[in-house]
Protein chains: 2
Amino acid sequence: MAEHQVTFTTLEDSPGGQPAPPTTVSVPTGSLLTEAAKLAGVEVNQPCGAQGRCGRCTLQITEGDIRRRSTVRLSPSDIAEGYALACQSIIEGDVSVIVPPQEKIERLLTTERTVAEVVVPATYEPQQDQTIQKVTLHLTPPDMSDQTDDWSRLKTALRKQAGIQDALPPLRLLRNIGPQLREADWHVTAVLDTTTWDCPDCPPRIIDILPASVAETKPLLGAAIDIGTTTVTLWLVNLDSGKVLSQAAEYNGQISRGEDVISRIIFTGKDGGAEELKTLVLETVNTLLERACKRVKADPPISPQDVVKATIAGNSTMLHLLLGIPAESIRLMPFITSVNQVPTYTAGEVGLNIHPDGSVDCLPGVASYVGADISAGVLSSGVDETDQITLFIDVGTNGEIVLGSREWLVTCACSAGPAFEGAGVRDGMRATKGAIEEMWINSDTYEPSFRVIGGGKPRGICGSGLISLLAETFITGIVDKGGNINTALDIPRVRKGEHGWEYVVVWAEESSHGQDITFTHVDVDNLLRAKAAIYAGFTVLAESVGIPLDLVEQVLIGGSFGKYINVEKAIEIGLLPDLPWDRYEFLGNTSVHGAYLTLLDRNARQQIRDIASRMTYIELSADNTFYNAFMSALFLPHTDLSRFPSVESILTKKKT
Amino acid sequence: MAEHQVTFTTLEDSPGGQPAPPTTVSVPTGSLLTEAAKLAGVEVNQPCGAQGRCGRCTLQITEGDIRRRSTVRLSPSDIAEGYALACQSIIEGDVSVIVPPQEKIERLLTTERTVAEVVVPATYEPQQDQTIQKVTLHLTPPDMSDQTDDWSRLKTALRKQAGIQDALPPLRLLRNIGPQLREADWHVTAVLDTTTWDCPDCPPRIIDILPASVAETKPLLGAAIDIGTTTVTLWLVNLDSGKVLSQAAEYNGQISRGEDVISRIIFTGKDGGAEELKTLVLETVNTLLERACKRVKADPPISPQDVVKATIAGNSTMLHLLLGIPAESIRLMPFITSVNQVPTYTAGEVGLNIHPDGSVDCLPGVASYVGADISAGVLSSGVDETDQITLFIDVGTNGEIVLGSREWLVTCACSAGPAFEGAGVRDGMRATKGAIEEMWINSDTYEPSFRVIGGGKPRGICGSGLISLLAETFITGIVDKGGNINTALDIPRVRKGEHGWEYVVVWAEESSHGQDITFTHVDVDNLLRAKAAIYAGFTVLAESVGIPLDLVEQVLIGGSFGKYINVEKAIEIGLLPDLPWDRYEFLGNTSVHGAYLTLLDRNARQQIRDIASRMTYIELSADNTFYNAFMSALFLPHTDLSRFPSVESILTKKKT
């Protein structure tokens, strides 16, 4: 078989990106570019498991040609510039390849397009609020007249110089204490976790001791982490100031083993499946830790080992999988978690690559399908402290809903399915570069116009775009209230396609991949079911406490998806209740923000446990109430149009 | 090179010893029997590191012949029966080999000749005294109307049914709780450690949950362990009854890396040395756990994983090495340990192969050279509770001495060297089969007679035999008070040998190895230094508290070596003070017995910490007092004969 020369040149992760000396390897025809890279010792990220979906393995071909099996996540201009997915590129001749700096690949992609602006709580007083404390101690060196052991010496100094009684040393500390005290010349800073979650009255635990001179140059670091089913987000935090030093996000490495929590749980049934999922998500988090630390320009540089505390939010399945706890019972009736309120463990026990004796707090959840991400959302959005009757929604693969105020909180989860994340929809995609995120249809010509993430030609439609599309097709009469395509319309964009009737959103020549982007009857059905599930969730929740939906004084929408929803259109399709728009607020990733607040403040830490305990969980599948509400909501906007007066008025105007 | 067939037949570890089908392998001339065994997949114990010293690899040759490089630990009758050390046997022809059951090899050897008879403390009340408790709980299974998570369900049952508040679950428990509760049909027994050493007020920690039906059939098990520099001893204990179910002892696997603590510490300076020593001693302990469990005939059989608590005694160096704590500072001025009072850790953290969440209590020590073995000895012997002024001695490579009563305790350590363990003496050996353990010399003919451990011809002289020998040669005038061999004696047994003047104890034809067993001038010197160090220790300790030695009301001697000392002769050589013999008592292995008491009783657990804290450590190298006392004691029995009136009277009688 013919052999080809593949030459890799790696650009450094630094401004300007200076190249390292190139490496050349020889591979047979038909090899993947990833295989050649591995041979050349070039590290290529493949969080999606070489499935050609995440785009992280993007390399740049500068000479020669490769055959592209897939170009997902690459724009035509990217492709023109030679960018290719290494896991989807087949070598058929000699090629020269540039390995771009990781930073560059990330800018190219759009996972991290939302860098949150985080405000440090004005009241943050690290001495008061932070559970992690550091104290600097001067120890008297031993001599023949004072042969006290090292640990007793440290313990005495903690008691006498810092008033700390009976601190507990991890075994690792005792393994290091002798050399550490001597290297520090008996002048050390002890870092302690003063209180753990399930044992507030236990003595403080020493995480580590450092030479006092080193401790002075480094801030105490913490990490707030949200493990989403799709995306993992991490904020690196200076615990001394409360400031977020850097942010990083990445697809959850488990994606290639299942798109939603149910398929992940099913995957754990395979031999070694649970262990594999645990390893995959730990790798994702540990990669983000590395990246977030690298992004902070500090002297001396900081590393994940300097991080002494992490708080982790996520849905119940994500936290079970992370901790290696079987999740099977979450999926099966009667839907039981092993644990909702996880005690504090050390990073070493969990497998998190921060300081091995650093503390890991997994935030508390409520039930199998209302997890710590929702408790964190409530904490972040302040639903539990407001006087106003508030509806909090986190729309994702599952829609979790909380209704309440400082007086009471009820919650439920409805399985919306992944339609709003672009799955189960023919031309659906995630909210990344090339996705139509908002659109309008001319009610006379039925011609669409749209906005594409990152500009350029569209490749597909993301969640917010789909809501727009459904609303516009409904209002313009392309789709009727039952969700049927109006076949009577004599326009080229309405046609019978492979999957039945469809509306052509983008013609092939205007799309980035050269194919029609369409909106099919099946897509409409899937979206209808998703929105009906969420709307039925509100309804049942409101009914369960005897509150008419229109008494809701504010609607807070969490999740990074929520940030891009057009309220007007979401109401038009009956996804959100018909309330004045000014009652709506979009909060972004409330899960990681809740984790951040919990990381900083011991009061927030207590508060989120209270929130989780206070929320009354309504099980929607317990009787027929939800089913009936769901069936009524399977129309545009709803069987009972009187619930949507603003939509009724638009439709009336249109007719007249 | 010629190949030979080696056939192995393994006898089962059962009464009768039925053979398994034989395995034959082919090996080249000159191979070791251990190499052939490895090839045949036959497991052969080699705790001494294939150095031909421990005898654990003994196999029986039934056909053909091998060349024996060494026959240490085998008697002539053993050899006649075909027993051979696999690590010292060279294959030069076809052979058939029987692999005896491990039990048989042990009976053959003598490491375990002392099986202690252990009396359960009459006051033992497990409900009151034992820190490990079990409670049986009936949980209500979850359903759609009660979706409480598993852990909260267990926690609630603990609170409501057993009055246990806020128990803490190890992560492993949460990883198993779902399947465990369901398999047990919600009827479980929880095993808890109700209090740890450094956090008596912390909530109880759950070690595990078992189906209640399984827990009923098994006792709670604990292990009391003494890690000696030479020998590791383990007692397996039924925590419900307090009874010792079985005992096991084995050479410390570290022996091949250094005979005494100092050479072990030096070995840790090598690359990976500390890790290696940790692994070696853990292997020894874990082997003993297996063996002790196997020895208990129980249905269902018990395994090390059923052991939920261990207490470990040992000198400070042994405990540091076990825990992976650097021991370097113990060896170097000013002789500092990293830790004397180790907190409770889990077996998983320590690497002990009992239940991974079982508790491990390392007993507290006092100083670098007065370790937990001595605290345990004081607890075991009751020095801290008696009204009598008591001298407690543990004679080993180091002599540790405690003087005191319920009112006060002082302690010191003197480096006696390994002479009393048979090292540094030409024909010295450990107290195993073939060792002369006691002897007498006819004062007219200078002819010796002796008692040999296990009967048969002698191979060497163990510690108690050496004390006997030194005393007898001194009293009969073969050795003078300065330790010189009386060269004027015109008998064949006194002669000039390779190492100067010597006394022939056993002629070649009467020894098991066909060589003379002699007692040289150098041997005498080494023994003199050893006994002088210990006697000087008493002296300094007594002086430090202003108590003349003859006011000592009882002398308690610990260590399995001590059990075999002849008091009369030990006084004659000036090793022990000249007190009436009835003040002496021999206690055997007080270290493992102290560990046993601590394992059973939370009060003993508190008491041993109090003992360690109460003991005032006298550093002998701090000034010249010890040196002067040592120099004065370098005579037989002492420069100042008036300190030994009983010896003076013997010598006087002899002269007249």
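### Some thoughts on the relation of the copies chain B and chain A
A rotation about some axis, followed by a shift along it, carries one copy of the chain onto the other.
Inference 1: Rotating chain B by 180° and translating it 0.0 Å along the rotation axis places it on chain A, where the RMSD comes to 0.1 Å. One copy is carried onto the other by what is essentially a two-fold rotation axis. Identified as the residue of chain B closest to the rotation axis by C-alpha distance is Cys202 of chain B, at 2.8 Å.
Inference 2: When the interface residues of chain B are mapped onto chain A, 98% of them again lie at the interface, so the same face is used by both copies.

### Regarding the interface of chain B and chain A
Inference 1: Opposite the 42 residues of chain B that make contact, chain A presents 41 residues.
Inference 2: Mapped onto the side of chain B that touches chain A, the elements with two or more residues apiece are α5 (150-162) and α6 (171-183) of chain B.
Inference 3: Counting residues per element, the side of chain B that touches chain A draws most heavily on α6 of chain B, at six residues.
Inference 4: Here the residues of the side of chain B that touches chain A sort into 25 nonpolar, eight polar and nine charged.

### Digging into unusual backbone geometry
Inference 1: The omega torsion of the bond from Leu636 of chain A to Pro637 of chain A falls at -15°, within 30 degrees of zero and hence cis.
Inference 2: Relative to the helices and strands, Pro637 of chain A resides in the loop between α19 (625-632) and α20 (645-655).
Inference 3: Following Asp299 of chain B, the chain continues into Pro300 of chain B via a peptide bond in cis, with omega recorded as 0°.
Inference 4: With respect to the secondary-structure elements, Pro300 of chain B resides in the loop between α9 (273-295) and β14 (307-314).
Inference 5: Positive phi, close to 55°, is recorded for Asp185 of chain A, a residue that is not glycine.

### Examining the pairing of strand β17 (residues 390-395) of chain B
Residue and element names in this part refer to chain B.
Inference 1: With six of six residues buried, β17 is to be regarded as a mostly interior element.
Inference 2: One ladder, built from six bridges, connects β17 with strand β18 (residues 399-404); its direction is antiparallel. Paired with Val395 across the strands is Gly399, a residue of β18.
Inference 3: Where β17 meets strand β26 (residues 554-558), five bridges bridge the pair, whose relative direction is parallel. Among the inter-strand pairings, Asp394 is bridged to a residue of β26, identified as Gly558.

### Considerations on the sheet that holds strand β9 (residues 187-193) of chain B
All names here are of chain B.
Inference 1: Strand order in the open sheet formed by three strands is β8-β9-β10, with antiparallel pairing between adjacent strands. The outermost strands of the open sheet, each flanked by one partner alone, are β8 (132-138) and β10 (205-211). Averaged over all pairs of adjacent strands, the angle between their axes in this sheet comes to 25°, without regard to strand direction.
Inference 2: Examined bridge by bridge, β8 and β9 share seven bridges and lie antiparallel to one another. Looking across to β9, one finds that His138 is bridged to His187.
Inference 3: Sitting on the sheet, α5 touches β8 and β9, and the angle it makes with β8 is about 100°.

### A word on the sheet that holds strand β14 (residues 307-314) of chain A
Residues and elements named next belong to chain A.
Inference 1: Here six strands make up an open sheet; going across it, the order is β13-β12-β11-β14-β16-β15 and the pairing mixed. Strands at the two margins of the open sheet, each flanked by one partner only, are β13 (244-251) and β15 (345-346).
Inference 2: Relative to strand β16 (residues 359-362), β15 is paired through two bridges, and the arrangement is antiparallel. For Thr346, the partnering residue across the bridge sits in β16 and is Ser359.

### Focus: helix α19 (residues 625-632) of chain B
Inference 1: The set of residues buried in α19 of chain B consists of Phe626, Ala629 and Phe630 of chain B. Buried residues along α19 of chain B cover an arc of 100° about the axis, so they all sit on one side.

### Focus: the nonpolar core
Inference 1: Core analysis: the largest hydrophobic core is formed by 331 residues, its most contacted members being Ala223 and Leu234 of chain A together with Ala223 and Leu234 of chain B.
Inference 2: Non-local contacts of Leu234 of chain B, meaning those with residues more than four positions away in its chain, are made with Ala223, Ile225, Ala248, Val285, Leu288, Leu289 and Ala292 of chain B.

### Examining the environment of Ser316 of chain B
All names here are of chain B.
Inference 1: Within the fold, Ser316 resides in helix α10 (residues 316-323).
Inference 2: Sequence separation between Ser316 and Gly365 is 49 residues; the distance between their C-alpha atoms is 6.6 Å.
Inference 3: With near-sequence residues (within four places) excluded, Ser316 lies in contact with Ile330, Thr337, Gly365, Ser368 and Gly371.

### A closer look at the packing of helix α15 (residues 521-544) of chain B against α19 of chain B
Residue and element names in this part refer to chain B.
Inference 1: Between α15 and α19, whose axes approach to 8 Å, the crossing angle comes to 130°. The orientation of α15 with respect to α19, classified from their angle, is oblique. For the element pair α15 and α19, the recorded crossing hand is right-handed. Here Ala532, Ala533, Ala536, Thr539 and Val540 of α15 come into contact with α19, specifically with Thr625, Phe626, Ala629 and Phe630.
Inference 2: A class-by-class count of the residues in the contact of α15 with α19 yields seven nonpolar, two polar and no charged.

### Describing helix α8 (residues 261-268) of chain B
Helical geometry note: an α-helix holds 3.6 residues per turn, so side chains three or four residues apart project in the same direction.
All names here are of chain B.
Inference 1: Considered for burial, the residues of α8 that qualify are Val261, Arg264, Ile265 and Thr268. The buried residues of α8 occupy one face: seen down the axis, they fall within an arc of 100°.
Inference 2: As for α8, its buried residues are in contact with α9, α10 and α11 (328-331).

The rules behind the values
Residues numbered from 1 in each chain as written. Chains lettered and ligands numbered in written order. Predicted model: local features only at pLDDT ≥ 70, side-chain atom pairs only at ≥ 80, totals over all residues. Least-squares fit on C-alpha atoms with pLDDT ≥ 70 in both. Contact = placed C-beta atoms within 7 Å. Helix = DSSP H or I, 4+ residues; strand = E, 2+ residues; numbered from the N terminus. Nonpolar A, V, L, I, M, F, W, Y, C, P; charged D, E, K, R; others polar. Buried ≥ 20, exposed ≤ 12 C-beta atoms within 10 Å, placed from the backbone. Pairing = 2+ DSSP bridges. Axes fitted to C-alpha atoms, helices over the stretch in contact; angles between N-to-C directions. Arc of directions from axis to C-beta. Core = buried A, V, L, I, M, F, W, Y, C linked by C-beta atoms within 7 Å. Parallel < 35°, antiparallel > 145°, perpendicular 65-115°, else oblique. Left-handed = near helix turned anticlockwise from the far one by under 90°.

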